[in-house]
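Listed below, chain by chain, are the residues.
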Amino acid sequence: MLISRRNILRLAALGLTGVFASRCGSGYAAGKVRIGVLKFGTVSWELDTIKQHQLDTANGIELDVVNFAGEDATNVALLAGEVDMIVSDWLWVSRQRSSGEDLTLVPYSTAVGAIMVKQDSPVKTVSDLKEKKIGVAGGPIDKSWLLIQAMAKRDFEVDLPTENDIVYGAPPLLAEKAMDGELDAVLNFWHFCARLEANGFRRLVGANEAAKALGATGAVSALGYIFHEKWAQENQAAAIGFVKASAAAKQLLAQSDGEWLRLAPLMRAEGKELEKLRDRYREGIPTRPIAEEEADAAKLYAVLAAVGGEKLVGEAREMAPGTFWSGLTR
């Protein structure tokens, strides 16, 4: 058996057991899976774990990691067929499906950004953000920013973009400005938030909290492994083999502190920063059945479409069917 009883229990929580039950024999070779990622992105931690422990070959595949300099480049590479898989969010998948592409995704991580303030900041609640200088990574239609905006307006009667001085910028620059005291608060990507936590900051409100306030019943994966349905149909064993390898890597990273020490040079982190990154990564490991995530994502899509409009979602007012891979529910 390639999957231990403990792994099977974990995969059952993800809704994958039925898919794997007929494919647990050893000895098959599913082929190569080419995945395009940002060279220094957080996904590289999981992929490095897969390669280091030969979890790809143990699950019948050869993982070929192709590094890119930016997210747009990975998107183009996937659409052009230069890679089989990338990591991006379900909004992009839905928009592409609504335009005729057959993209779909498998949940990767529920870790999302948060608004961070210094430990001694007078800002204690969302209401205290009025007339403050707030840094926002990801731009004006960033999903986390829009969710927090919607929650703040509904529950606190605070219109964040109009009642504050909003500064958009690159995540590293905004983290630096927050550390230097140039910002009253900063909404950044989850790993930058974790580093800030290790350096005297606290979370004011996270995008996951906003999502639950707006109707989600649990954590929704912000990112997923994305691929073409046609590729998955033609390479089903490879697709399943990759999902199994990913699940095994996540289990190892969830249980082994030593594995994080091994990854420390790649992560460029040590001490408290390494610990915070480890803990926040672990919190972001998806544990819900994919059908539950898909249902909640559809609810959030409606909220985001109302706030972000056509610039964010295009003309489609509802999440496209098939955005989450049906191969995990068959």
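Structure first, text after, so check above.
Since we're looking at a predicted model, the values are computed, not measured.

### Describing the pattern of salt bridges
Moving on, step 1. A full pass over the atoms with the stated rule returns 20 salt bridges.
Moving on, step 2. Residue R278 pairs with D257 through a salt bridge whose shortest N-O separation is 3.6 Å. Remark: D257 occurs in helix α14 (residues 257-267) and R278 occurs in helix α15 (residues 271-283); sequence separation between them is 21 residues.
Moving on, step 3. Close ionic contact of E292 with R288 constitutes a salt bridge, the shortest N to O distance being 3.7 Å.
Moving on, step 4. Judged by relative accessible area, which is 13%, R288 ranks as buried.
Moving on, step 5. Several salt bridges converge on common partners, so that one network encompasses E197, K276, R280 and E283.

### Here's the deal with helix α16 (residues 290-308)
Moving on, step 1. Here α16 is 19 residues long and its end C-alpha atoms lie 25 Å apart, about the 27 Å a rise of 1.5 Å per residue gives.
Moving on, step 2. Regarding α16, the residues found buried are I290, E293, D296, A297, L300, Y301, V303, L304, A305 and G308.
Moving on, step 3. At the exit of α16 stands G309, carrying a positive phi of roughly 65°.

### Things to note about the pairing of strand β5 (residues 114-118)
Moving on, step 1. With respect to burial, β5 is a largely interior element, four of its five residues being buried.
Moving on, step 2. Relative to strand β8 (residues 185-188), β5 runs antiparallel, the two being bridged by three bridges. When the bridges of β8 are listed, A114 appears paired with N188.
Moving on, step 3. As paired strands, β5 and strand β9 (residues 201-206) are joined by five bridges and run antiparallel to one another. Within the sheet, the bridge partner assigned to K118 lies in β9 and is F201.

### Quick word on the sheet that holds strand β7 (residues 165-169)
Moving on, step 1. The strand order β7-β6-β8-β5-β9 describes an open sheet built from five strands, whose pairing is mixed. Strand pairing shows two members of the sheet lacking a second neighbour, β7 and β9, which therefore form its edges. On average, each strand axis in the sheet is inclined to that of its neighbour by 25°, with strand direction left out of account.
Moving on, step 2. The sheet contact formed by strand β6 (residues 133-137) and β8 spans three bridges and is parallel. What sits directly across from I134, in β8, is A185.
Moving on, step 3. Strand contacts of helix α9 (residues 171-179): β5, β6, β7, β8 and β9, with the helix running at about 155° to β8, the strand carrying the most contacts.

### A look at the packing of α14 against α15
Moving on, step 1. Closest axis-to-axis distance for the α14/α15 pair is 10 Å, and the angle between their directions is 115°. The pairing of α14 with α15 is recorded here as roughly perpendicular in orientation. Note that α14 runs across α15; the crossing there is right-handed. On α15, the residues that touch D257, W260, L261, A264 and M267 of α14 are L274, L277, R278, Y281 and R282.
Moving on, step 2. For the contact of α14 with α15, the residue count by class is seven nonpolar, no polar and three charged.

About the criteria used
Residues numbered from 1 in each chain as written. Predicted model: local features only at pLDDT ≥ 70, side-chain atom pairs only at ≥ 80, totals over all residues. Heavy atoms only, no water. Salt bridge = Lys/Arg side-chain N within 4 Å of Asp/Glu carboxyl O. Helix = DSSP H or I, 4+ residues; strand = E, 2+ residues; numbered from the N terminus. Buried < 20%, exposed > 50% of the residue type's maximum accessible area, 1.4 Å probe, protein only. Expected span 1.5 Å × (residues − 1). Pairing = 2+ DSSP bridges. Axes fitted to C-alpha atoms, helices over the stretch in contact; angles between N-to-C directions. Contact = heavy atoms within 4.5 Å. Parallel < 35°, antiparallel > 145°, perpendicular 65-115°, else oblique. Left-handed = near helix turned anticlockwise from the far one by under 90°. Nonpolar A, V, L, I, M, F, W, Y, C, P; charged D, E, K, R; others polar.

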